[in-house]
Amino acid sequence: MASTLKVPVSSSDHIQGDEHAPVTLVEYGDYECPHCGVAYYIVKTVQNHYGNQLRFVFRNFPLTEIHPYAEPAAEAAELAAVYDQFWEMHDGIYENQDRLGIPLLFELGGELGLPPNRLRDAIANHEFSDKIQGDFLGGVRSGVNGTPTFFVNNIRHDGSYEFEDLVADIDAHLSQAKAVSK
Amino acid sequence: MAAKILSPGTTAPDFTLNVTPDQKLRLSELRGKPVILAFYPADWSPVCGDQMSLYNQVLPEFKKYGAELLGISVDGAWCHAAFVKDRHLHFPLLSDFEPKGAVAKQYGAYRDKDGFCERALFVLDKDGTITWSYCSPVAVNPGADGILRALEDLPK
């Protein structure tokens with residue numbers, strides 16, 4: 001019984017790649033989760049491998065009880081999105097995950113030109129909690145059971161997040177999509 | 001092969017188990033509220049976002065239905081206490097410790113060969129009748145979507 005994505009990808013998502021790409025990869029991730037930190041580099045490789053054939057979407061799934069900086073990091077990334085810099089912040093956090101903390105978020109915010117008082121308020125007031133919590137609950141409803149969880153064209157990817165496993169799944173959907181369009 | 005766990009329509013067998021080293025909880029004390037029983041193999045699962053951590057994070061959603069969540073494994077009460085503290089769990093973990101697995105056996109959720117519980121989920125209505133149950137392969141975290149659907153389906 002494969003779990004399926006219950007919340008369709010929409011303009012309120014953070015999306016990389018061609019909107020007409022035949023395959024969409026959705027990740028539910030937590031900025032403090034070390035597995036997500038490893039998967040981050042694998043996803044980059046997968047994106048390079050497929051080019052405009054693949055669209056990538058990142059959704060929040062912070063496990064705040066075990067990862068105290070997951071939520072502040074998600075707030076920082078959502079604020080960056082307001083300034084059109086979501087992916088820059090997302091990448092910056094994962095590439096420096098070993099020193100994730102409030103100072104790192106301000107350092108990255110500074111590099112991206114985010115107003116420090118806006119960043120401070122977003123973190124302190126959980127300004128984007130509706131969006132972050134909405135992502136989380138949509139994930140729970142879709143059968144996300146830990147982080148990272150991936151969906152390939154709306155079907156949960158139950159293999160590992162290793163390159164070969166992700167590519168095998170994406171290839172299968174790609175050939176399906178090609179067969180349909182013929 | 002999944003175990004034969006108690007199915008919907010069955011009255012949930014009552015039990016009394018330790019919830020802390022010096023405190024016991026009786027299932028029937030929770031009558032009047034929906035109850036989620038989550039049997040699981042062991043504390044200290046090595047992965048992030050293991051089943052109990054996930055449920056801890058989804059707890060506010062369970063509470064919207066007025067439901068109580070109980071985690072149950074054969075780990076001892078002291079082990080549970082350390083695990084609860086480490087993972088900041090906000091719901092009780094019960095020790096099916098002595099005689100080992102006796103409650104899990106009543107629910108058909110004990111793995112004789114391994115000596116620990118199945119990953120088995122039960123949702124009970126406010127009268128203590130099982131309305132939904134699910135046994136996941138032991139290596140697969142079943143997530144929370146099934147529980148939420150079962151809670152939704154309870155009569156208001």
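Now for a look at the structure at hand. Each chain has its residues counted from 1, following the order in which its sequence is written. Chains and ligands are labelled by the order in which they are written, letters from A for the one and numbers from 1 for the other. Side-chain atom pairs in this predicted model are given and counted only at pLDDT of 80 or more, local residue features only at pLDDT of at least 70, and totals for whole chains, interfaces and linings cover all residues. Computation of side-chain values: all heavy atoms of the structure, hydrogens and water removed.

### Some details on the pairing of strand 9 (residues 130-136) of chain B
All names here are of chain B. For clarity, the cut-off: Strand pairing is assigned whenever DSSP identifies at least 2 bridges connecting the two strands. The numbering of helices and of strands both runs from the N terminus, where a helix is a DSSP run of H or I of at least 4 residues and a strand a run of E of at least 2.
Bridge count between strand 8 (residues 119-124) and strand 9: six bridges; the pairing is antiparallel. Directly across from alanine 120, in strand 9, lies its bridge partner cysteine 135. Adjacent in sequence and paired antiparallel, strand 8 and strand 9 are bridged by five residues, among which glycine 128 carries a positive phi angle near 85°.

### Brief notes about the sheet that holds strand 1 (residues 14-16) of chain A
Residues and elements named next belong to chain A. The line we're drawing: Where helices are involved, their axes are fitted lines through C-alpha atoms of the stretch in contact, as for all axes, and angles between N-to-C directions lie from 0 to 180°. Contact criterion: two residues are considered in contact whenever any of their non-hydrogen atoms come within 4.5 Å of each other.
Spatially, 1-3-2-4-5 is the arrangement adopted by the five strands of the open sheet, whose pairing is mixed. Strands with a single pairing partner mark the edges of an open sheet, and in this sheet they are strand 1 and strand 5 (155-157). On average, adjacent strands in this sheet sit at an angle of 25° to one another, irrespective of strand direction. As paired strands, strand 2 (residues 23-29) and strand 4 (residues 149-152) are joined by four bridges and run antiparallel to one another. Each residue of the ladder has a partner; that of leucine 25, found in strand 4, is valine 152. Docked against the sheet, helix 1 (residues 34-50) engages strand 1, strand 2, strand 3 (54-60) and strand 4, running at close to 160° with respect to strand 3. Sitting on the sheet, helix 6 (residues 129-141) is in contact with strand 1, strand 2 and strand 3, with an inclination near 110° to strand 3.

### Points about the interface of chain B and chain A
Applicable threshold: Note on terms: buried area is the combined drop in 1.4 Å-probe accessible area of two parts once they are placed together, counting the loss on both. Any carboxyl oxygen of Asp or Glu that lies within 4 Å of a side-chain nitrogen of Lys or Arg is treated as forming a salt bridge with it. Side-chain atoms alone can form a polar contact between residues adjacent in sequence; in general such a contact is a pair of N or O atoms within 3.5 Å, and within protein one must be able to donate a hydrogen while the other accepts it.
Across the contact, 19 residues belong to chain B and 19 residues belong to chain A. At the boundary of chain B with chain A, total buried surface from both sides reaches about 1,600 Å², with 56% on carbon and sulfur atoms. Across the contact surface, chain B and chain A share one salt bridge. Close ionic contact of arginine 141 of chain A with glutamate 152 of chain B constitutes a salt bridge, the shortest N to O distance being 2.9 Å. For the pair chain B and chain A, the number of links is six residue pairs in polar contact (both at pLDDT 80 or more). Those elements that provide at least two residues to the side of chain B that touches chain A are helix 1 (51-64) and helix 4 (145-153) of chain B. The biggest single contributor to the side of chain B that touches chain A is helix 1 of chain B, with six residues.

### Digging into the nonpolar core
Keep this limit in mind: As used in this record, nonpolar core signifies buried Ala, Val, Leu, Ile, Met, Phe, Trp, Tyr and Cys residues forming a set joined through side-chain atoms within 4.5 Å. Only protein chains enter the calculation, and the probe is 1.4 Å; a residue is then buried if its accessible area is under 20% of its type maximum, exposed if over 50%, and partly exposed in between.
Core analysis: the biggest nonpolar cluster contains 43 residues, and Tyr31, Val46, Met89 and Ile93 of chain A have the highest contact counts within it. A total of seven residues in this core trace back to one element, the largest contributor, which is helix 1 of chain A. Non-local contacts of isoleucine 93 of chain A, meaning those with residues more than four positions away in its chain, are made with Tyr31, Ala73, Leu100, Leu105 and Leu108 of chain A. Counting 33 residues, the second largest nonpolar core, distinct from the first, contains Phe61 and Val144 of chain A together with Leu69 and Leu154 of chain B.

### Let's talk about the environment of arginine 59 of chain A
Residues and elements named next belong to chain A. Inspection of the secondary structure assignment puts arginine 59 in strand 3. Taking C-alpha positions, arginine 59 is 24 Å from alanine 177, a pair spaced 118 residues apart along the chain. Among residues more than four places away in sequence, those in contact with arginine 59 are Leu5, Val7, Pro8, Val9, Asp13, Val26, Glu27, Tyr28, Gly29 and Asp135. In terms of polar contacts, arginine 59 uses its side chain to reach the backbone carbonyl oxygen of proline 8, at 3.2 Å.

### Points about empty space enclosed by the protein
Residues and elements named next belong to chain A. Using the following cut-off: Using a grid of 1 Å spacing that covers the protein atoms alone, one calls a set of points a cavity when a 1.4 Å probe fits there but cannot get out, and a pocket when the set is open and has protein on both sides within 12 Å along at least five of seven lines; lining residues are those with an atom within 4 Å of a point. Grid points are joined across faces, edges and corners, and a volume is the space filled by probe spheres set on the points.
Taken as a whole and judged by the stated rule, the model has two cavities of 30 Å³ or more. Considered as a void within the structure, the largest cavity measures approximately 60 Å³ in volume. Looking at the largest cavity, the residues that line it are Gln16, Glu27, Cys36, Tyr40, Val43, Lys44, Gln47, Phe56, Trp87, His90, Asp91 and Tyr94. Elements that contribute at least two residues to the lining of the largest cavity include exactly helix 1 and helix 3 (86-95).

### Some remarks on the packing of helix 1 of chain A against helix 7 (residues 163-181) of chain A
All names here are of chain A. Put simply, the rule is: The handedness criterion is simple: a crossing whose near helix is rotated anticlockwise from the far helix by less than a right angle is left-handed, and one whose near helix is rotated clockwise is right-handed. Three classes are used: nonpolar for Ala, Val, Leu, Ile, Met, Phe, Trp, Tyr, Cys and Pro, charged for Asp, Glu, Lys and Arg, and polar for all others, with Gly counted as polar.
For the pair helix 1 and helix 7, the least separation of the axes is 10 Å and the interaxial angle reads 35°. Handedness of the helix 1/helix 7 crossing: right-handed. Contacts between helix 1 and helix 7 involve Ile42, Thr45, Val46, His49 and Tyr50 on the former and, on the latter, Phe163, Leu166, Val167, Ile170, Asp171 and Leu174. When grouped by side-chain class, the residues that make up the contact of helix 1 with helix 7 number eight nonpolar, two polar and one charged.

### Description of the packing of helix 2 (residues 70-82) of chain A against helix 5 (residues 116-125) of chain A
All names here are of chain A. In plain terms, the rule: Any angle from 65 to 115 degrees is called roughly perpendicular, while one under 35 is roughly parallel, one over 145 is roughly antiparallel, and all others are oblique.
Running from N to C, helix 2 and helix 5 point in directions that differ by 135°, and their axes come no closer than 9 Å. Considering the angle they form, helix 2 stands oblique to helix 5. Helix 2 and helix 5 meet at a crossing whose hand is right-handed. The residues of helix 5 that touch helix 2, namely those facing Pro72, Glu75, Ala76, Leu79 and Val82, are Arg118, Leu119, Ala122 and Ile123. Its residues placed into classes, the contact of helix 2 with helix 5 shows seven nonpolar, no polar and two charged.

Shape descriptors only; they carry no functional weight alone.
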